[in-house]
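Structural overview
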Amino acid sequence: MATTREAAATAVRPAGTPGRSRWLAAGVAVCTVGWGANQFAPMVLLYRARLGLSAAVVEGTFGMYAIGLMPGLLVAGRVSDRVGRRPVVMFSVALSMVAGIVLAFGAHGVGWLFAGRVVMGVASGCAFSAGSAWIKELSAPPYEAAVAGAGARRASVAMTVGFGAGPLVAGALAQWAPWPTTLPYAPQLALAAYAVVLVARLPETVTRSPSASRVGLGVHGLGERRFRWVVLPLAPWVFGAAAISMVFVPGLVIDRVHGIAVFFGALAAVCTAMAGVLVQPLARRLDRRDGPHLLVAGMSLVTVGLVIEAGVAAAGQPILALPAAAVLGCGYGCCMVYGLAEVQRMSRPEELATLTAVFQAATYIGFGAPTLLSVLESYSSPTVLLLAVAGLAALTLAVTSRQARR
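Only a predicted model underlies this, so the values are computations on that prediction, with no experimental measurement involved.

**A look at the overall build of the protein chain**
- The helix and strand inventory of the protein chain stands at 16 helices and 0 strands.
- Taking all 406 residues of the protein chain together, the buried fraction comes to 57%.
- Sequence-distant contacts in the protein chain: of pairs separated by 6 or more residues, those separated by 24 or more amount to 84%.
- For the protein chain, the computed accessible surface area is about 15500 Å², with 68% contributed by carbon and sulfur atoms.

Structure, rendered in structure tokens:
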């Protein structure tokens with residue numbers, strides 16, 4: 001005889017969507033948008049050579065992503081808490097296709113790159129706020145009885161797989177395939193079309209109610225001391241660490257990798273992203289209530305990785321950039337899971353996507369790190385700058401871990 005929980009799960013299960021694959025279908029959508037967001041990482045080296053742009057301008061196009069992402073996160077999170085996850089995620093996947101088409105015209109002028117990156121930022125903001133909340137909800141009863149914290153880890157893995165696969169495929173196509181400024185965007189367009197079909201068949205997890213219209217300024221979690229003094233200070237290091245290893249450091253050693261510069265940039269991005277996936281079992285074990293073990297591990301890895309990257313900048317050896325990227329990727333993965341898990345623990349159901357969006361908006365401040373470091377190169381060497389950033393990471397580790405223990 002079926003239990004009440006099993007009966008409820010069966011009642012909401014759409015045809016053709018097995019119980020344990022629902023979160024995975026939502027994960028494919030999030031992964032697809034993550035693919036579109038990060039496939040640009042190795043392309044910056046190609047555009048730098050093709051368009052004759054400075055490092056600061058090209059890395060600025062990478063950072064333009066954050067301009068679209070911030071409003072996308074904050075608005076989409078509130079909207080999905082009100083009207084549901086499915087329409088917001090569907091919109092985000094479709095918008096990522098528009099962004100890919102715009103970026104495919106990038107060889108005709110830097111304006112296309114700026115526009116495409118802003119649009120992709122909006123798409124990512126919608127997908128990562130609503131999509132992360134959706135994955136969490138589809139990992140819990142009545143849809144699935146997953147272990148505690150599974151939603152945060154699954155959302156992190158979905159984003160990170162996209163972040164890794166996108167640059168690997170785009171970098172390989174840009175390096176060796178014909179039409180290097182156009183063809184790299186085609187795989188994401190095909191995957192996005194498939195994701196739209198999957199999303200259309202998923203159950204909605206949000207029940208519309210009159211009280212939902214009040215979600216926004218009164219978000220309970222924003223007043224939590226732990227959110228303000230632990231989660232928010234940690235957040236910029238999530239993608240700050242990743243962006244430095246994927247964009248800034250490869251640009252420092254580009255002259256040492258003649259002939260494979262674009263693919264080398266892709267490898268740095270893949271090492272960062274895949275390390276963020278492979279560290280998940282460790283993150284699962286360290287995510288405990290008896291202390292900020294996962295926070296300490298994540299920020300320690302970020303600090304060590306930045307010190308190693310400073311050594312790469314001093315030695316100018318490209319091969320050292322890959323293990324350094326892996327260390328920073330592990331730090332990125334741990335910090336992302338910790339932040340998402342904390343947000344999911346402190347959120348009320350009706351404000352989950354909104355608070356997730358605020359956290360993720362703060363994480364994407366880190367995407368500005370490569371541009372800032374490139375500008376500061378006029379005043380100091382990359383080695384000194386990276387050591388200074390490592391010092392800031394160590395300070396953040398000391399402050400946040402102390403606050404978390406309180």
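**As for the environment of Ala29**
- With respect to the helices and strands, the residue Ala29 is situated in helix 2 (residues 22–38).
- For Ala29, a relative accessible area of 1% puts it in the buried group.
- C-alpha of Ala29 to C-alpha of Val89: the two residues are 60 residues apart in sequence and 7.4 Å apart in space.
- Aside from chain neighbours lying at most four places away, what touches Ala29 is Val89, Val93, Ala195 and Val199.

**Here we look at the packing of aromatic side chains**
- If you walk through the whole model with that rule in mind, you get 9 aromatic pairs.
- Every member of this aromatic cluster is reached through a ring pair, and the members are Tyr65, Phe128, Phe163, Phe239, Tyr332 and Tyr364.

**Details of the side chain of Asp287**
- Of note, Asp287 is situated in the loop between helix 11 (280–286) and helix 12 (293–315).
- Here the side chain of Asp287 touches Arg345 through a polar contact of 3.2 Å, side chain to side chain.
- Setting aside chain neighbours within four positions, we find Asp287 in contact with Leu294, Ala341 and Arg345.

**Section: the environment of Leu45**
- With respect to the secondary-structure elements, Leu45 resides in helix 3 (residues 43–51).
- Overall, Leu45 belongs to the buried group, its relative accessible area being 9%.
- For the pair Leu45 and Val247, spaced 202 residues apart in the sequence, the C-alpha separation amounts to 8.9 Å.
- If we ignore the near neighbours within four places in the chain, the residues touching Leu45 are Gly251, Ile254, Ala261, Val262 and Gly265.

**Regarding helix 6 (residues 110–138)**
- Over its 29 residues, helix 6 extends 40 Å from the first C-alpha to the last, a length consistent with the 42 Å expected when each residue adds 1.5 Å.
- At Gly131, helix 6 is bent by approximately 25°, the largest bend along its length.

**As for the packing of helix 10 (residues 261–278) against helix 13 (residues 318–346)**
- Their axes nearest at 6 Å, the elements helix 10 and helix 13 cross at an angle of 30°. In terms of orientation, helix 10 and helix 13 fall into the roughly parallel class. Taken as a pair, helix 10 and helix 13 cross one another with a handedness that is right-handed. Listed contacts from helix 13 to Phe264, Leu267, Ala268, Cys271, Thr272, Ala275 and Gly276 of helix 10 are Pro318, Ala321, Leu322, Ala325, Ala326, Gly329, Cys330, Tyr332 and Gly333.
- Residue composition of the contact of helix 10 with helix 13, by class: 12 nonpolar, 4 polar and no charged.

**Overview of the packing of helix 9 (residues 225–252) against helix 12**
- The interhelical angle for the contact between helix 9 and helix 12, taken along N-to-C directions, is 25°, at an axis separation of 11 Å. Classified by the angle their axes make, helix 9 and helix 12 are roughly parallel. With respect to the hand of their crossing, helix 9 and helix 12 are arranged in left-handed fashion. Residues Val230, Leu234, Trp237, Ala241, Ile244, Ser245, Val249 and Leu252 of helix 9 touch helix 12, and the partners they reach there are Leu295, Met299, Val302, Leu306, Glu309, Val312 and Ala313.
- Class assignment for the residues of the contact of helix 9 with helix 12 results in 13 nonpolar, 1 polar and 1 charged.

What counts and how
Residues numbered from 1 in each chain as written. Predicted model: local features only at pLDDT ≥ 70, side-chain atom pairs only at ≥ 80, totals over all residues. Heavy atoms only, no water. Helix = DSSP H or I, 4+ residues; strand = E, 2+ residues; numbered from the N terminus. Buried < 20%, exposed > 50% of the residue type's maximum accessible area, 1.4 Å probe, protein only. Contact = heavy atoms within 4.5 Å. Areas by Shrake-Rupley, 256 points an atom, 1.4 Å probe, with all protein chains shown as cover. Phe/Tyr/Trp six-rings, centres within 6.5 Å; stacked < 30°, edge-to-face > 60°. Polar contact = N/O pair within 3.5 Å; in protein donor to acceptor, adjacent residues only side chain to side chain. Expected span 1.5 Å × (residues − 1). Bend = angle between axes of the 7 residues up to and from the residue. Axes fitted to C-alpha atoms, helices over the stretch in contact; angles between N-to-C directions. Parallel < 35°, antiparallel > 145°, perpendicular 65-115°, else oblique. Left-handed = near helix turned anticlockwise from the far one by under 90°. Nonpolar A, V, L, I, M, F, W, Y, C, P; charged D, E, K, R; others polar.

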